[in-house]
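# Report on the structure
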Amino acid sequence: MRFAPIIACLLFLLSLNNAYAQEKYLLQPGDSLEIWVAQEEDLRRTVVVEPDGWVSFPLAGHMQAAGSTVSEIEAALSEKLRPFFKENPNLSIMLRPDPLHQPSIFVAGEVTTPGSFPYRQGMTVLHAVSVAGGLYRKEVLAADQDRSIIVRRTVEASQGKLKQLAARHARLQAELSGANTIDVAEEDRDPGVIGQEQDLLDAHQRGASAQDVARREAVTLGKQNADEISRQIEIIDRRLELAKQRSEATNALVEKGALQAGQKYDRDADVATLEGMRSQLQTQMLAAQRTLQTDLALIDNAQQARKEKLLMDIVDVEREQQATRESLADAMNVMAVYESSAAARKPGERVISYRIVRSANGEPTEFEATEMTPVRAGDLVRVIFSNTADVQTPGPELSLQTGAELPTEPAAGTQSNVQ
């Protein structure tokens with residue numbers, strides 16, 4: 001029995017040696033090695049382990065690196081460089097493993113962000129759940145009450161806005177068709193909003209009626225002016241005809257010597273005067289017609305612009321209605337989630353359980369775990385929500401390992417310490 005402590009000490013040292021051997025990282029394709037040679041600054045290089053497992057370095061040539069440790073590569077490289085230096089080369093090598101080779105864990109189930117995460121020495125199930133964003137929450141917690149109130153106000157505001165837009169759309173349609181009243185569906189009726197839109201409709205209809213009256217008055221005045229100028233032209237035409245007859249008679253008498261030539265000139269002057277007056281009246285007629293056409297064009301353009309604006313306003317209102325309906329639908333969906341989640345379960349009914357899937361000797365094993373159960377590289381942590389009524393005690397046919405009965409053999413790829 002006196003040798004028992006010595007044997008125990010030897011076994012402990014052997015276990016430390018075995019653990020140290022397991023911690024050695026073996027190079028893999030894609031890993032980077034940053035190499036310094038103290039005697040020659042130009043030999044500083046960063047080399048990458050090629051897909052075939054080899055690396056290249058000046059003076060040393062090609063070397064097989066995959067499957068070796070950093071210490072082994074350092075010794076082999078030093079041996080190859082020794083002939084080129086007077087003394088042993090002073091090497092320093094720093095390993096930068098490929099991120100794809102880093103040990104990781106997997107978290108699935110009822111967590112915020114399931115997926116793969118880097119493994120850290122000493123991780124537990126609680127750590128794994130934390131890096132996955134924590135437990136997925138469905139219930140409306142106290143911190144969500146403000147958000148629920150805001151969403152409810154958004155729903156009410158959107159419903160009120162839809163009624164306003166419906167009344168506005170009906171008013172624009174009434175203006176476009178010339179109707180005097182607003183027609184709104186029963187579910188969109190809001191007496192206050194409809195009253196405001198009806199007042200706007202009445203005011204705009206009065207403006208449109210004023211434009212119609214102005215157009216009719218312009219046409220009437222233009223016709224009266226044209227008729228008056230036409231009568232004056234008829235009178236001038238009769239006077240001009242008589243003046244020409246007198247001028248011809250005077251010319252005949254002057255040729256016979258019965259009248260003096262001066263009288264002929266007077267008759268010709270009368271004809272010229274009347275022709276000038278007739279020309280002025282025709283000019284006035286053309287000016288009056290152009291003025292009438294201009295006034296009618298202004299009134300018609302104003303009416304056409306009003307119709308175009310009504311059509312554009314209708315399109316804008318319909319777009320705003322569509323956007324408001326979509327916003328209301330989103331808000332209603334959020335409210336439905338809040339209300340259904342809050343009513344789905346009572347506090348204390350939700351049960352959280354954890355399970356770990358671990359590969360041991362090439363065979364996957366699944367066992368129950370707690371928040372404090374240690375996690376190894378390569379493990380998959382599954383988080384499960386269940387109701388109290390759904391929780392059942394495992395029967396004899398389901399043999400699950402507890403935290404005290406976890407497999408002790410390391411899973412493949414668990415070496416995590418890098419030299």
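Not measured: the values here are computed from a predicted model.

Applying the stated criterion across every chain yields a total of 16 salt bridges. The closest approach of N and O atoms between E34 and R44, which form a salt bridge, is 3.3 Å. Here the residue E34 occupies a position in strand β1 (residues 32-37), and R44 occupies one in the loop between β1 and β2 (45-48), the gap between them amounting to ten residues. A residue is classified by how much of its surface remains accessible, and R44, at 42% relative accessible area, is partly exposed. Each of R171, E175, E197 and R306 takes part in salt bridges that share partners, so that together they form one network.

You can see V219 is positioned in helix α5 (residues 191-256). As for V219 and Q293, which are separated by 74 residues in sequence, their C-alpha atoms are 9.1 Å apart. With near-sequence residues (within four places) excluded, V219 lies in contact with L292 and L296.

For the protein, the average pLDDT comes to 78, and 80% of its residues sit at 70 or higher. Helix α3 (residues 125-131) holds the highest mean pLDDT among the elements of the protein, 92, whereas helix α1 (residues 4-23) holds the lowest, 43. Under a pLDDT of 50 for its full length, residues 1-22 has, in the predicted model, three contacts with residues more than four places off or in other chains. Below a pLDDT of 50 lies the segment residues 393-419, which in the model reaches 46 contacts outside its immediate sequence neighbourhood of four places, other chains included.

Counted at 1.5 Å a residue, the expected span for helix α2 (residues 70-81) with its twelve residues is 16 Å, and the 16 Å between its end C-alpha atoms agrees. Buried within α2 are the following residues: V70, I73, L77, S78 and L81. Around the axis of α2, the buried residues are gathered within 130 degrees of arc, so they sit on the same side.

Assignment of secondary structure puts T124 in the loop between β7 (115-118) and α3. Leave out the neighbours within four places in its chain, and T124 touches E371, M372, T373, P374 and V375.

Conventions used here
Residues numbered from 1 in each chain as written. Predicted model: local features only at pLDDT ≥ 70, side-chain atom pairs only at ≥ 80, totals over all residues. Heavy atoms only, no water. Salt bridge = Lys/Arg side-chain N within 4 Å of Asp/Glu carboxyl O. Helix = DSSP H or I, 4+ residues; strand = E, 2+ residues; numbered from the N terminus. Buried < 20%, exposed > 50% of the residue type's maximum accessible area, 1.4 Å probe, protein only. Contact = heavy atoms within 4.5 Å. pLDDT = per-residue confidence, 0-100. Expected span 1.5 Å × (residues − 1). Arc of directions from axis to C-beta.

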